[in-house]
Amino acid sequence: MKQVKAVLCGYYGKGNGGDEALLASLLQMLPKSVKPIVLSGNPSQTRQRYGVESCDRMSTLPVLKAMRLSELFIWGGGSLIQDVTSAASPLYYCGLMGLAQRMGLKTIAWAQGVGPIKRRLIGWLAQRSFTGCTAVSVRDYGSATLLADWEIPFIMAPDPVWALDSKPVPGLWDLPAPRVAVTLRSHSTLTPKRLKNLTHALVDFQKATQTCILLVPFQASRDLAIAQSIASQLTGPHQIFSIEDPRELKGLFRGVEMAIGMRYHSLIMAAAEECRCFALSYDPKVNYLMEQLDLPGWDVASLPDDPNVISKTWLEHYANGEPLTKDQIQSLVDRARMHQDVLMEVC
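A brief look at the structure comes next. Every value quoted in this text rests on a predicted model; they were computed, and no experiment measured them.

Before going further, it helps to spend a moment on the overall build of the protein. Of the regular secondary structure elements, the protein holds 14 helices and 13 strands. Taking 2.2 N^0.38 as the reference for a compact globule, 347 residues should give roughly 20 Å; the C-alpha atoms of the protein span a radius of gyration of 20 Å, in line with that estimate. Over its C-alpha atoms, taken along the principal directions, the protein stretches across nearly 60 × 40 × 40 Å. The proportion of buried residues among the 347 residues of the protein is 58%. The contacts in the protein between residues at least 6 apart in sequence include a share of 72% that link residues at least 24 apart. Total accessible area on the protein is roughly 14900 Å²; 50% of this is exposed by carbon and sulfur atoms.

Shown next as structure tokens:
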């Protein structure tokens, strides 16, 4: 079997559990004939964790060398092409995609969550980059609508993390049951007052349910301080789980009754492992997921001011909410593998 090299480009090696889960999913779905070179913010960690070749995503010469050695360039999944966080991110990704296309590599935009895009220049660059791709797959209706407006062919399928293999988490089953996982992240909408109200509500919820609270920072730089702040005020059993292996991160939710999450991939992982989910949305991608799965929740910006209202709503969902059925989960997993079909066809 002839081996081809592929450069994998995404927000990898930056300590974000969701993006690491996308990389793990991509590596799981790549055809055996493809040898990946991962552009990473932490190449040594990426090499060690996944057993793949890796180079520094910001080092020009190693990146150019990787592209010269390769026949494929794959924009890994996630919200790479959006300018709400900053304009620098889409400029970086569109620049690399444009370079790959000029160098004659086959290019794949894989499992993309496109937008929001506010700046006209970024929109023009993004449209040009997607137009030059050999194949495009997206993960939500918002992205699909934007690409349809640009008249770019694509396939739409659920996020590939639905199909990621999970692994058991050491020590999880030693903790008291039932367990509830909480994944909050820093964001402008999560003001100190709203965090205080959520924490108060969580304390009351734990007292009423006698649950063990698992605080799960998906990205330590953004989430750990919040988890520590909440942990300092809980009166019942609790533990902070900082997990680096995305397959273990998904496996954590196998031992959880309910998940309360801001993080997009925490909700996917939890739902895939048959948890009841309650969403706290800070981004359109979370709203799309809430619509797709019919998840209860609030926009963080419109969170109730009364902690009692929050805790009572959580208690109602804990007592009477339903997880996805096994058939629903299997359907999402099967459809998520359509992203693999794109790789098989091009590679």
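Additional details are given in the paragraphs that follow.
Take the sheet that holds strand E13 (residues 297–299) next. In space, the six strands of this open sheet follow the order E10-E9-E8-E11-E12-E13, with parallel pairing throughout. Two strands close off the open sheet at either side, each with one partner strand: strand E10 (238–240) and E13. In this sheet, neighbouring strand axes are inclined to one another by 15° on average, regardless of whether the strands run parallel or antiparallel. Of the strand pairs in this sheet, strand E8 (residues 179–183) and strand E9 (residues 212–215) are connected by four bridges, and their pairing is parallel. Residue pairing for E9: Arg-179 is matched across the bridge by Cys-212. Each of E8, E9, strand E11 (258–261) and strand E12 (276–281) is contacted by helix H7 (residues 192–209), which is oriented at about 145° to E9, the strand it contacts most. Packed onto the sheet, helix H12 (residues 307–320) meets E8, E11, E12 and E13 and runs at close to 150° relative to E12.

The next thing to look at is the sheet that holds strand E1 (residues 4–9). Pairing within the open sheet is parallel, and its seven strands lie in the order E3-E2-E1-E4-E5-E6-E7. Of all the strands in the sheet, just strand E3 (53–56) and strand E7 (155–156) have a single pairing partner and so form its edges. In this fold helix H2 (residues 43–50) packs onto strand E2 (34–40) and E3, with an angle of close to 165° to the strand it touches most, E3. Where helix H3 (residues 60–68) meets the sheet, its contacts fall on E1, E2, E3 and strand E4 (72–75), and the angle it forms with E3 comes to roughly 145°.

Its boundaries defined by the atoms lining it, the largest pocket holds a volume of some 840 Å³. Taken together, 33 residues make up the lining of the largest pocket; nearest its centre are Ser-79, Gln-82, Thr-85, Arg-185 and Lys-285. When residues of the lining of the largest pocket are traced back to their parent elements, those giving at least two are helix H1 (17–29), helix H4 (88–102), helix H10 (264–272) and helix H11 (284–293). The element best represented in the lining of the largest pocket is H4, accounting for four residues. Its residues assigned to classes, the lining of the largest pocket shows 13 nonpolar, 12 polar and eight charged.

So, about the nonpolar core. One finds Leu-8, Trp-162, Leu-214, Leu-280 and Trp-314 to be the most contacted residues of the largest nonpolar core, which totals 93 residues. In this structure, Met-67, Phe-73, Ala-100 and Ala-126 belong to the second largest nonpolar core, which totals 30 residues.

Applying the stated criterion across every chain, the model contains seven aromatic pairs. Taking the centre distance of 5.0 Å and the plane angle of 80° together, the rings of Tyr-92 and Tyr-93 count as edge-to-face. Seen from their ring centres, Phe-205 and Trp-314 are 6.2 Å apart, and the 85° between their planes marks the pair as edge-to-face. A residue pair is termed long-range when its members are at least 10 positions apart, and Phe-205 in helix H7 and Trp-314 in helix H12 qualify at 109 residues. Residue classification places Trp-314 among the buried residues on the basis of a relative accessible area of 2%. Each member of the aromatic cluster is reached from another via a ring pair, and the members are Phe-205, Phe-278, Trp-298, Trp-314 and Tyr-318. Sitting over the face of the ring of Tyr-318, Arg-276 holds its NZ or CZ atom 5.1 Å from the ring centroid.

The next point concerns the pattern of salt bridges. Overall, the coordinates contain 13 salt bridges when judged by the stated rule. Lys-167 is the partner of Asp-245 in a salt bridge, and the nearest nitrogen-oxygen pair spans 3.3 Å. In this pair, Asp-245 sits in the loop between E10 and helix H9 (246–252) while Lys-167 sits in the loop between E7 and E8, placing the two residues 78 residues apart along the sequence. Glu-273 is the salt-bridge partner of Arg-254, the closest N and O atoms lying 3.2 Å from each other. A residue pair is termed long-range when its members are at least 10 positions apart, and Arg-254 in the loop between H9 and E11 and Glu-273 in the loop between H10 and E12 qualify at 19 residues. Because the salt bridges share partners, they merge into one network encompassing Lys-5, Lys-35 and Glu-53.

Reading guide: rules and limits
Residues numbered from 1 in each chain as written. Predicted model: local features only at pLDDT ≥ 70, side-chain atom pairs only at ≥ 80, totals over all residues. Heavy atoms only, no water. Helix = DSSP H or I, 4+ residues; strand = E, 2+ residues; numbered from the N terminus. Rg over C-alpha atoms; globule rule 2.2 N^0.38 Å. Buried < 20%, exposed > 50% of the residue type's maximum accessible area, 1.4 Å probe, protein only. Contact = heavy atoms within 4.5 Å. Areas by Shrake-Rupley, 256 points an atom, 1.4 Å probe, with all protein chains shown as cover. Pairing = 2+ DSSP bridges. Axes fitted to C-alpha atoms, helices over the stretch in contact; angles between N-to-C directions. 1 Å grid on protein atoms, 1.4 Å probe; cavity = no way out; pocket = protein on both sides within 12 Å on 5 of 7 lines; lining within 4 Å. Points joined across faces, edges and corners; volume = space filled by probe spheres on them. Nonpolar A, V, L, I, M, F, W, Y, C, P; charged D, E, K, R; others polar. Core = buried A, V, L, I, M, F, W, Y, C linked by side-chain atoms within 4.5 Å. Phe/Tyr/Trp six-rings, centres within 6.5 Å; stacked < 30°, edge-to-face > 60°. Lys NZ or Arg CZ within 6 Å of the ring centre and 35° of its normal. Salt bridge = Lys/Arg side-chain N within 4 Å of Asp/Glu carboxyl O.

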